[in-house]
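Below, each chain spelled out in residue letters.
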Amino acid sequence: VSTLLWGLSFVGVRVAVESFRPVALVGLRLAIACVVLFAALALRRGALRPARADLRRTLLLGAILGTHLVLQTLAMRQTTAIRAGWFVAFMPVVIS
């Protein structure tokens, strides 16, 4: 199921990038993710904020993820969803 959702996200981004600017689309995706994450944490009665010691790392990882998503969304204007999916899926093999 997770692989199906991951693959469909490329199709969804490719379609949405025709109507939204990349930064707005990424902002919308992250806002939806925040709502879902905070709802899940609230149901589990988990901490809604990272520990103070983890705050810098959390912000850094958020900035890295946000930059990655903006660059990927910008690239989706130039290629097909299937090519982008294969490229992203194959990168760990190339890097290792």
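For clarity, every value in this text was computed on a predicted model and none was experimentally measured. (Residues numbered from 1 in each chain as written. Predicted model: local features only at pLDDT ≥ 70, side-chain atom pairs only at ≥ 80, totals over all residues. Heavy atoms only, no water.)

### Topic: the packing of helix α2 (residues 22-44) against helix α3 (residues 55-76)
Two elements in contact, α2 and α3, have axes separated by 9 Å at closest approach and are oriented at 130°. Judged by the angle between their axes, α2 and α3 are oblique. Regarding α2 and α3, the two cross each other, and that crossing is right-handed. Of the residues in α3, those touching α2 at Pro22, Val23, Leu25, Val26, Arg29 and Leu30 are Gly66, Leu69, Val70, Thr73 and Leu74. Residues that form the contact of α2 with α3 fall into these classes: eight nonpolar, two polar and one charged. (Axes fitted to C-alpha atoms, helices over the stretch in contact; angles between N-to-C directions. Helix = DSSP H or I, 4+ residues; strand = E, 2+ residues; numbered from the N terminus. Parallel < 35°, antiparallel > 145°, perpendicular 65-115°, else oblique. Left-handed = near helix turned anticlockwise from the far one by under 90°. Contact = heavy atoms within 4.5 Å. Nonpolar A, V, L, I, M, F, W, Y, C, P; charged D, E, K, R; others polar.)

### With respect to the nonpolar core
Ranked by size, the top nonpolar core spans seven residues in total: Phe10, Val13, Ala16, Leu25, Met76, Ala81 and Ala84. Among the elements that take part in this core, helix α1 (residues 2-16) stands out by supplying three residues, more than any other. (Core = buried A, V, L, I, M, F, W, Y, C linked by side-chain atoms within 4.5 Å. Buried < 20%, exposed > 50% of the residue type's maximum accessible area, 1.4 Å probe, protein only.)

### Some remarks on the packing of α1 against α3
Contact geometry of α1 with α3 gives a least axis separation of 9 Å together with a crossing angle of 65°. In terms of orientation, α1 and α3 fall into the roughly perpendicular class. Note on packing geometry: the crossing formed by α1 with α3 is right-handed. For the pair α1 and α3, contact is made by Phe10, Val13 and Arg14 and by Gln72, Thr73 and Met76, respectively. Each residue belonging to the contact of α1 with α3 can be placed in one class, and the counts come to three nonpolar, two polar and one charged.

### Structural notes on the confidence of the model for the protein
Mean pLDDT over the protein stands at 88; residues scoring 70 or higher make up 100%. Element-level pLDDT for the protein is lowest in helix α4 (residues 81-95), with a mean of 84, against a maximum mean of 91 in α2. (pLDDT = per-residue confidence, 0-100.)

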